[in-house]
Amino acid sequence: MCGIVGALANRPVAPLMMEALRRLEYRGYDSAGLATLTEGHMAIRRAPGKLSALSDLLEREPLSGASGIGHTRWATHGPPTLKNAHPHRAGRVAVVHNGIIENFAALRAELIANGRVFTSDTDTEAVAHLIDLALETGRTAEQAMAETMPRLRGAFALVILIEGEEDLLLAARRASPLAIGLGEGEAFIGSDAMALAPLTRRIIYLEDGDWAVVRRAGASLFDETGQPVERAMSISTVSGALIGKGNYRHFMEKEIFDQPDAIAHTLHAVIDPGTGASTLPPPMEQADQVSKITIVAAGTSYYASLVARYWFESLAGIGCEVEVASEFRDRDVVLPEGGVVIAVSQSGESLDTLMAMRRGRAAGQRILGLVNVPESTIARESDGVLLTRAGPEFGVAATKTFTAQLTAFLGLAIALGRAREHLAEARALELIAALSALPARVAEAVSDQQAFAPVTHMLARARDVLYLGRGLSYPMALEGALKLKEITYIHAEGYAAGEMKHGPIALIDEAVPVIGLAPSGPWFEKTVSNLAEARARGGRMVLITDAEGAGRLAVDGDHVLVLPTVDPMLTPILQAVHVQLLAYLTAVEKGTDADQPRNLAKSVTVE
Ligand code: F6R
């Protein structure tokens, strides 16, 4: 999703901003641009496509200047063309923007009636005109901002550059993230601390509704009512080094292989594998007083949460609901006293999840954030944080953060189960031992890629693919289908295996590969029956199972992918690796861009 940078430096800013935009590339985008001021005059360079296109343009037409703003755009209003690329300029004012100005149509109509001419399809351009109009009528930059902010509706982050004002940037945040970085006589603005890491570690996070007047000497902040406010400065822990993909073809491949480490590091957040001791994060320290868990999340984080529901119910004896964040946030939810909302988000910035979490707080719940980015908005707004320690994830499709979420959830369920005396200590220790050995099992699962070739060859030629699973494997069927859709553009659906006979079975014929997730264990027999129904209709079976399951289930003609044997509670974490590899290797075979699939963004900061 859009990346924003701004710089007031004592050196040329174009290369600094290009580096910062590269560090935001992982968010997903389809055009990019910069604006700088040189001796008071503004110049803009924009290009559709990747940053390399903007870089080529800058080689031909360089930008000088020590003040500027930059942007990577993920299209919302208007296609990803040159005219819609940011920055957008009106008169003396250039604007970069992340999010959506909901009332832009009314503002645009009003501005056109005032004689303003629009050159793009975007909602952003209206902001540039509003500020420029205010400046034209004699307002100072600060007054223009104070007048404009209350007129904007929606969730957004903005940075504004004004011709003739070499020591000034205006910035605003409503829901979408934005951070100010303070250097030595320099000031910077970025969508996150990752963008700013090579420039400075001294970061001020704007709070919801804040806007700021930024100069090289520092920033003045105002809240949504226009009153001056102070916000704390923090020292970012994000590394300035840009992580590469090493010898891997894609970040996604590297991140699939990173999973043993991501799981091992995350496990330590809740469990001490040495002693077997487990800790409960706030607000769950009083485990017996937690009346209910409500999990809000989107996409892959939502599927991790569906797995967690099984664990919370079965290991901790706690009622648990899992909600799609974008739906939950707009419902009149009724939640019990003593309930905890867990907001699950690898980025910690998904706007839907942030809004759902706030809805949960408004309904009297305490909040636990489960995030991979410690300085993210969800982490900062939560009562307690459970951190996945997967390291930065750059592939748009979530992989290592997903298995890290599962690991954190399982550790938490064990800790809760013990504290509530629902889980027998011997079983808790058995699960902890299995979790401690899991990184080695995952390493085995990623290294065994031989068996995938005939399957990915078949999938790459399919039009539709079905994933079926029961119990703990059901969410993994959903996740497997999502991964395949996202990076190969093949239509895929995940179903509860028992639900198939209620409708989806009509889809099955000889052209449809059916991926059956059927580990030996509690749901095995019933899954076998459901898969037999699919096989009887000609479906081309791919079984993801363990050695025992393969022996009992496979028939001639089936493709079988065998997972290492683990405690049945842990199978989703291993299955994740196989569904990720299936999608990734199919994308490689089809030649689609696994790291930056079309239309997708890593950090979804619009509603
Ligand atoms: C899928 C994927 C997305 C995210 C979703 C939520 O591979 O990456 O579905 O899971 O956008 O993102 P976070 O977890 O950052 O809130």
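Residues numbered from 1 in each chain as written. Predicted model: local features only at pLDDT ≥ 70, side-chain atom pairs only at ≥ 80, totals over all residues. Heavy atoms only, no water.

Our focus in this paragraph is helix α11 (residues 351-362). With 12 residues, α11 extends 16 Å from end C-alpha to end C-alpha; this agrees with the ideal 16 Å at 1.5 Å per step. For α11, every residue scored as buried is listed here: L351, D352, T353, L354, M355, A356, M357 and G360. (Helix = DSSP H or I, 4+ residues; strand = E, 2+ residues; numbered from the N terminus. Expected span 1.5 Å × (residues − 1). Buried < 20%, exposed > 50% of the residue type's maximum accessible area, 1.4 Å probe, protein only.)

Turning our attention to unusual backbone geometry. The peptide bond linking H86 to P87 adopts the cis configuration, its omega dihedral lying at 0 degrees. Assignment of secondary structure puts P87 in the loop between β4 (67-73) and β5 (88-90). Residue P283 follows P282 across a cis peptide bond; omega there is 5 degrees. On the secondary structure map, P283 appears in the loop between β17 (277-278) and β18 (292-297). Its identity as a non-glycine residue notwithstanding, E39 has a phi of 45 degrees, on the positive side. Relative to the assigned elements, E39 resides in the loop between β2 (31-38) and β3 (41-48). For E39, a relative accessible area of 74% puts it in the exposed group.

Below, the discussion takes up the site of the ligand. The full set close to the ligand counts 15 residues, and S301, S345, S347, S350 and E486 are the nearest of them. Note that an oxygen atom of the ligand is positioned 2.7 Å from one of the backbone N or O atoms of Q346. K483 is positioned with one of its side-chain polar atoms (N or O) 3.0 Å from an oxygen atom of the ligand. When isolated, the ligand has an accessible area of 410 Å², and the protein chains bury 90% of it. At the level of elements, α9 (299-316) and α16 (473-488) are the ones that each hand at least two residues to the shell around the ligand. For the shell around the ligand, the two domains that each supply at least three residues are domain 2 (254-439) and domain 3 (449-590). (Near = heavy atom within 4 Å. Polar contact = N/O pair within 3.5 Å; in protein donor to acceptor, adjacent residues only side chain to side chain. Areas by Shrake-Rupley, 256 points an atom, 1.4 Å probe, with all protein chains shown as cover. Domains from an automatic or database assignment.)

This part covers the domain arrangement of the protein chain. Domain parsing of the protein chain yields domain 1 (3-243), domain 2 (254-439) and domain 3 (449-590). Inter-centroid distance (C-alpha atoms) of domain 1 to domain 3 is 46 Å.

Within the fold, S529 resides in helix α17 (residues 524-536). Residue class for S529 comes out partly exposed when judged on its relative accessible area of 39%. Once the C-alpha coordinates of S529 and A497 are considered, the two residues, 32 residues apart in sequence, prove to be 9.2 Å apart.

Within the structure shown, the criterion is met by 4 cavities of 30 Å³ or more. Quantified by volume, the largest cavity comes out at close to 80 Å³. Along the wall of the largest cavity there are 13 residues; nearest its centre are S473, P519, S520, P522 and W523. A breakdown of the residues in the lining of the largest cavity according to their chemical character gives 7 nonpolar, 5 polar and 1 charged. The computed volume of the second largest cavity comes to approximately 60 Å³. If you go around the second largest cavity, the residues you meet are C2, R73, W74, T76, H86, H97, G99, T122, D123 and T124. Among the residues forming the lining of the second largest cavity, the class breakdown is 2 nonpolar, 6 polar and 2 charged. (1 Å grid on protein atoms, 1.4 Å probe; cavity = no way out; pocket = protein on both sides within 12 Å on 5 of 7 lines; lining within 4 Å. Points joined across faces, edges and corners; volume = space filled by probe spheres on them. Nonpolar A, V, L, I, M, F, W, Y, C, P; charged D, E, K, R; others polar.)

Read from one edge of the open sheet, 5 strands run β24-β23-β25-β26-β27, paired in parallel fashion. If you trace the sheet from one side to the other, it starts and ends with β24 (491-496) and β27 (559-563), each paired once. If you compare each strand with its neighbour and ignore which way they point, the axes differ by 20 degrees on average. With 4 bridges connecting them, strand β23 (residues 464-469) and strand β25 (residues 513-517) associate as parallel partners. Paired with Y467 across the two strands is I515, which belongs to β25. Strand contacts of helix α15 (residues 452-460): β23, β25, β26 (540-546) and β27, with the helix running at about 130 degrees to β27, the strand carrying the most contacts. (Pairing = 2+ DSSP bridges. Axes fitted to C-alpha atoms, helices over the stretch in contact; angles between N-to-C directions. Contact = heavy atoms within 4.5 Å.)

Look at helix α4 (residues 124-136): 19 Å from first C-alpha to last across 13 residues, which is about the 18 Å you get at 1.5 Å a residue. Counted residue by residue, α4 has 11 buried out of 13 residues, so it is predominantly covered. Listed as buried for α4 are T124, E125, A126, V127, A128, H129, L130, I131, D132, A134 and L135. In this fold, the buried residues of α4 make contact with β5, β6 (93-101), α3 (104-113), α5 (141-148) and β7 (154-162). Taken from the residues just after α4, G138 is the one with a positive phi, measuring 95 degrees.

The biggest cluster of nonpolar side chains holds 90 residues, and the ones touching the most others in it are W311, F312 and I342. For this core, the element with the most residues is helix α19 (residues 571-590), which contributes 11 residues. Looking at this core, you find at least three residues from each of domain 2 (254-439) and domain 3 (449-590). The contact partners of I342, leaving out residues within four places of it in the chain, are M284, I293, T294, I295, V296, F312, L368, L370, F409 and L412. If you look at the next biggest cluster of nonpolar residues, it comprises 30 residues, including L107, A128, L152 and F156. (Core = buried A, V, L, I, M, F, W, Y, C linked by side-chain atoms within 4.5 Å.)

A separate point is the environment of S120. Mapped onto the fold, S120 is located in the loop between α3 and α4. A C-alpha to C-alpha distance of 33 Å links S120 and Q346, two positions 226 residues apart in sequence. Leaving out residues up to four positions away in the same chain, S120 has contacts with K83, N84, H88, R108 and E125. A polar contact of 2.8 Å, which involves the side chain of S120, links it to the side chain of T122. Among the polar contacts listed, one links the side chain of S120 to the side chain of E125, at a separation of 2.7 Å.

A few words on the pattern of salt bridges. Summed over all chains, the structure comprises 31 salt bridges. Residues D167 and R216 are paired through a salt bridge, measuring 3.1 Å at the closest nitrogen-oxygen approach. Of the two residues, D167 is situated in the loop between β7 and β8 (169-174) and R216 in the loop between β12 (211-215) and β13 (218-222); the sequence distance between them amounts to 49 residues. R331 serves as the salt-bridge partner of E323, at 2.9 Å between the closest nitrogen and oxygen. Through salt bridges with shared partners, one network takes in R116, D132 and E136. (Salt bridge = Lys/Arg side-chain N within 4 Å of Asp/Glu carboxyl O.)

The strand order across the open sheet formed by 5 strands is β19-β18-β20-β21-β22, and the pairing between neighbours is parallel. Looking at the sheet topology across the chains shown, the edges are occupied by β19 (320-324) and β22 (384-387). Adjacent strand axes in the sheet meet at a mean angle of 20 degrees, parallel and antiparallel pairs treated alike. Alignment of strand β21 (residues 366-371) against β22, held across 4 bridges, turns out to be parallel.

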